[in-house]
Amino acid sequence: MLNIFFTLPRQRDILMKLLKKTPFRGRKYRMFMEVIMKREQFGSRLGFILVSAGCAIGLGNVWKFPYMAGKYGGAAFILVYLLFLVILGLPIIVCEFSVGRASQKSIATSYNALEPPRTKWHYARWAAIAGNYLLVMFYSMVGGWMLYYCFRMAKGEFTGVTASEVSEKYAGMLSSVPTLSFWTVLVILLSFGICSIGLQKGVEKIMKVTMLCLLAIMVILTIRSVTLSGSSEGLRFFLVPDFNRMVENGIGNVIFGAMSQAFFTLSIGMGGMAIFGSYLDKKRSLAGESVSIVLLDTCVALMAGLIVIPSCFAFGVEPDAGPGLVFITLPNVFNQMAGGRLWGALFFLFMSFAALSTVIAVFENILSFAMDLWGWKRNKAVLFNIVLLIILSMPAILGFGPWSGVQILGEGTNIMDLEDFIISNNILPLGSVIFVIFCASKNGWGWDNFIKEANTGKGIKFPTCIRNYMLWVIPVVVAIIYLKGYYDMFQPKGNTYLIPWMIVGIAMLILVGWIVFGHSKKNKK
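From a predicted model like this one, the values you see are computed outputs, not experimental measurements. Along every chain, residues carry numbers that run from 1 in the direction the sequence is written. In view of the model being predicted, local features appear only for residues whose pLDDT reaches at least 70, and side-chain atom pairs are presented and counted only at 80 or more, with totals across whole chains, interfaces and linings using the full set of residues. The basis for every side-chain value is the complete set of non-hydrogen atoms in the structure, without hydrogens or water.

Caption draft 1: Representation of the overall build of the protein. Helix numbers and strand numbers start at the N terminus; a helix is a DSSP run of H or I with at least 4 residues, a strand a run of E with at least 2. Within the protein, the secondary structure is distributed over 25 helices and zero strands. Here the globule rule is a power law, 2.2 Å times the number of residues to the power 0.38, and the radius of gyration is based on C-alpha atoms. Relative to the globule expectation of 24 Å for 525 residues, the C-alpha radius of gyration of the protein, 23 Å, shows essentially globular dimensions. Here the C-alpha coordinates of the protein stretch approximately 70 × 50 × 50 Å along the principal axes. Counting all 525 residues of the protein, 57% fall into the buried class. To measure how exposed things are, a 1.4 Å probe is used in the Shrake-Rupley method; for residues, cover is taken only from the protein chains shown. When the accessible surface of the protein is totalled, it reaches about 22100 Å², and 67% of it is carbon and sulfur. Charge convention: Lys and Arg are scored as positive, Asp and Glu as negative, and His as well as the terminal groups of each chain are ignored. Every charge is mapped onto a representative atom, which is NZ of Lys, CZ of Arg, CG of Asp or CD of Glu. The average position of the 46 basic charges and that of the 26 acidic charges among the side chains of the protein differ by 15 Å. Classification of residues uses two cut-offs on accessible area relative to the type maximum, computed with a 1.4 Å probe and protein chains only: under 20% is buried, over 50% is exposed, and between them is partly exposed.

Caption draft 2: Highlighting the pattern of salt bridges. By convention in these notes, a salt bridge is any Lys or Arg side-chain nitrogen within 4 Å of a carboxyl oxygen on Asp or Glu. A full pass over the atoms with the stated rule returns 13 salt bridges. Across the salt bridge formed by Glu 289 and Arg 45, the nearest N and O atoms sit 3.0 Å from each other. Here Arg 45 lies in helix α4 (residues 45-56) and Glu 289 lies in helix α17 (residues 286-314), a separation of 244 residues in the sequence. For Glu 289, a relative accessible area of 1% puts it in the buried group. For Lys 155, the salt bridge identified is with Glu 157, shortest N-O distance 3.5 Å. Overall, the relative accessible area of 47% leaves Lys 155 in the partly exposed class. A network of salt bridges, in which partner residues are shared, links Arg 152, Lys 155, Glu 157 and Lys 169.

Caption draft 3: How the structure looks around the packing of helix α7 (residues 75-103) against helix α23 (residues 447-454). Between α7 and α23, whose axes approach to 9 Å, the crossing angle comes to 85°. Taken as axis vectors, α7 and α23 run roughly perpendicular relative to one another. Across from Val 94, Cys 95, Ser 98, Arg 101 and Ala 102 in α7, the residues of α23 making contact are Phe 450, Glu 453 and Ala 454. Of the residues in the contact of α7 with α23, the class split is five nonpolar, one polar and two charged. Axis geometry follows a simple rule: fit a line to the C-alpha atoms, using only the stretch in contact for helices, then measure angles between N-to-C directions, giving values from 0 to 180 degrees. For this classification, under 35 degrees means roughly parallel, over 145 means roughly antiparallel, 65 to 115 means roughly perpendicular, and everything else is oblique. Note on contacts: a residue pair is in contact if any heavy atoms of the two residues lie within 4.5 Å. Three classes are used, and their members are as follows: Ala, Val, Leu, Ile, Met, Phe, Trp, Tyr, Cys and Pro are nonpolar, Asp, Glu, Lys and Arg are charged, and the others, Gly among them, are polar.

Caption draft 4: Quick peek at the packing of helix α11 (residues 177-196) against helix α20 (residues 378-392). Packing of α11 against α20 brings their axes to within 10 Å, and their N-to-C directions diverge by 170°. By the criterion of interaxial angle, the relationship of α11 to α20 is roughly antiparallel. On α20, the residues that touch Val 185, Ile 188, Leu 189, Phe 192, Cys 195 and Ser 196 of α11 are Arg 378, Asn 379, Val 382, Asn 385, Ile 386, Leu 389 and Ile 390. Here the contact of α11 with α20 is built from residues that sort into nine nonpolar, three polar and one charged.

Caption draft 5: Expanded view of the packing of aromatic side chains. Two rings belonging to Phe, Tyr or Trp (six-membered ring only in the last case) form a pair when the distance between their centres is within 6.5 Å. Interplanar angles under 30 degrees mark stacking, angles over 60 mark edge-to-face geometry, and anything in between is tilted. Evaluated as defined, the whole model comprises 43 aromatic pairs. On the basis of an interplanar angle of 15° and a centroid distance of 6.5 Å, the ring pair of Phe 77 and Tyr 81 is categorised as stacked. Remark: Tyr 81 and Phe 77 occur in helix α7; sequence separation between them is four residues, near one turn of the helix. As far as the burial class goes, Phe 77 and Tyr 81 line up, both buried. Consider the rings of Tyr 111 and Phe 435, whose centres lie 5.6 Å apart with planes at 35°: the pair is tilted. With Tyr 111 in helix α8 (residues 110-114) and Phe 435 in helix α22 (residues 415-440), this pair connects stretches of sequence that are 324 residues apart. Relative accessible area serves as the criterion here: at 1%, Tyr 111 is assigned to the buried category. Exposure remark for Phe 435: the relative accessible area of 0% places this residue in the buried category. One cation-aromatic arrangement involves Arg 152 over Tyr 149; the distance from NZ or CZ to the ring centre is 5.1 Å. Definition used: whenever NZ (Lys) or CZ (Arg) falls within 6 Å of the ring centre and also within 35 degrees of the ring normal, the charge is taken to sit over that ring. Across from the ring centre of Phe 256, 4.4 Å away, lies the NZ or CZ of Lys 484, which sits over that ring.

Caption draft 6: Expanded view of unusual backbone geometry. Even without being glycine, Gln 104 reaches a positive phi, approximately 55°. Position of Gln 104 among the secondary structure elements: in the loop between α7 and α8.

Caption draft 7: Seen up close, the side chain of Arg 101. One can find Arg 101 in helix α7. One polar contact links Arg 101 to Glu 453, side chain to side chain, over a distance of 2.6 Å. The contact partners of Arg 101, leaving out residues within four places of it in the chain, are Gly 277, Ser 278, Leu 280, Asp 281, Lys 282, Arg 284, Leu 286, Glu 453, Ala 454 and Thr 456. Polar contacts here mean pairs of N or O atoms no more than 3.5 Å apart (in protein, one a potential hydrogen donor and the other a potential acceptor; neighbouring residues in sequence count only if both atoms are side-chain atoms).

Caption draft 8: Structural view of the nonpolar core. If you look at the biggest cluster of nonpolar residues, it comprises 184 residues, and the most contacted ones within it are Trp 145, Phe 276, Phe 347 and Phe 450. Sort the elements by how many residues they give to this core and helix α19 (residues 340-374) lands first, with 21 residues. With residues up to four places along the chain from it excluded, the contact list for Phe 276 reads Phe 42, Phe 48, Val 51, Ser 52, Cys 55, Phe 97, Ala 361 and Glu 364. Take the buried Ala, Val, Leu, Ile, Met, Phe, Trp, Tyr and Cys residues and link them wherever side-chain atoms come within 4.5 Å; each set so joined is a nonpolar core.

Caption draft 9: Region of interest: helix α24 (residues 467-490). The end-to-end C-alpha distance of α24 is 35 Å, a good match for the 34 Å that 24 residues give at a rise of 1.5 Å each. Bending of α24 peaks at approximately 30° at the position of Val 473, with proline Pro 475 no more than four residues after it. Within α24, burial applies to Met 470, Leu 471, Ile 474, Pro 475, Val 478, Ile 481, Tyr 482, Gly 485, Tyr 486 and Phe 490. Buried residues along α24 sit in contact with α7, α15 (251-264), α22, α23 and α25 (495-517). The span one expects for a helix is its residue count, reduced by one, times 1.5 Å. We define the bend at each residue as the angle formed by axes fitted to the 7 residues ending at it and the 7 residues starting at it.

Caption draft 10: Examining a nonpolar patch on the surface more closely. Among the surface-exposed residues, Tyr 123, Trp 126, Leu 511 and Trp 514 lie close enough to one another that they form a single nonpolar patch of about 420 Å² accessible area. Within the element layout of this structure, Trp 514 appears in helix α25. Like charges within 9 Å and nonpolar side chains (Val, Leu, Ile, Met, Phe, Trp, Tyr) within 5 Å are joined into patches, using only residues over 30% in relative accessible area that form no salt bridge.

Caption draft 11: Structural detail: the environment of Leu 221. Mapped onto the elements, Leu 221 comes out in helix α12 (residues 199-226). On the accessibility criterion, Leu 221 (5% relative accessible area) is buried. Along the chain, Leu 221 and Phe 334 lie 113 residues apart, while their C-alpha atoms are 12 Å from each other.

Caption draft 12: Region of interest: the state of the cysteines. A pair of cysteine sulfur atoms is labelled a disulfide when the two atoms are within 2.5 Å. For the structure shown, the criterion picks out zero disulfides. The cysteine Cys 195 is free of any disulfide, with Cys 55 supplying the nearest cysteine sulfur at 11 Å. Of the cysteine sulfurs around Cys 312, a residue in no disulfide, the closest is that of Cys 150, at 19 Å.

Next comes the structure, spelled out in structure tokens:
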């Protein structure tokens, strides 16, 4: 009878207003509120897999993975990468999903729901919340770049231009604050508009279409790329194992590169997967679902390599990495290709889908913060965050123009680099360490609770014998990746940058230790 009453919006809203006025906030109150505010769930397994994969699949799959694979030995690098994806990325993503599904909360309150009394795990949520905001502060802008280039390519703006003119068009876009602002705001409005419709009717339904279109476009582009005259050399460079190239670049560098890429490709560590775990029912085991998502992310990365590398070789263009590959190298390739206007427009449409899938997934997480922390309705959270994120996105935009002199990470860097550094080099790796230890440690949620949640439902079961591996090996490996990332970034800039930033990195590890092993003197209210 209560459930029927609570499905009537007007009656539920009246009851909610009355309950908020009561001074009683005990266990029965919380249980009653949970009945009223029943959590949304995915409508299908396919929806969960595609939305979660959309969060993991990002621009790094296109502008970093193909270059790294080619540089570090082709298939030899890919094999090492797949190994680390299984032994490093997969356990962490299962941990995130488990915490989300067990708590039925976002990262904003999931630790509070599962942690033992007088522990400090819940402090980690603030870094995760900040990480989600920081990510879309510049990722919305980059998504706008993709939409803008799709528009420019479709109208033939790059037809017949020289290589120097392509570079000038890219530089012109970055220096134009109105252009960047317009396309960034468009991405924010479009993504929040989808999220405002709801989980099933909005995020799940539209992301299904987006992801399926993304995969279909990738298949078309892959077929076109590998059938180009002269593409065979690119295929050989990308796919044939070349151990000489591994030795030339240093075995240690190759292993570390594969390890880092496997870790960062899944976007784990700041609750991006936990939120979708909280929307998932108990019918399927989490290890099996995680394997599906990892396989889909890997397939996208491999297809991206088959699109980029053979195309570059077919037209004698040196494959690059980063934004230069997407906005300078590839437009030059499409400019030489028969029907290049069409293929270029399709490529940037695919890139737009990849960017939007990540932005929508992160926006859904951001909306859940307000709904879980303050009990806001979805539409109220949407309106608040539209305004907030338009404002917060401006520093990254201005960092290419009036604020280009802000170079905190060293000469040649900008505000977007700083925001990316805070997330990729800090919040993601350290957040992952906290997730893993929380699930495996007696001081946290606990191994038995984690295994019970992870293995509930049909499908592949998570191994119960690797607790010590997760408790000790994974955190140590991630800590090494973390410190090595700091060293590689600042060592070329000299001790003036290296020493202070290494101190910052070590201090962050100490902070993680305080969260993991610390106890509060008083019980949390």
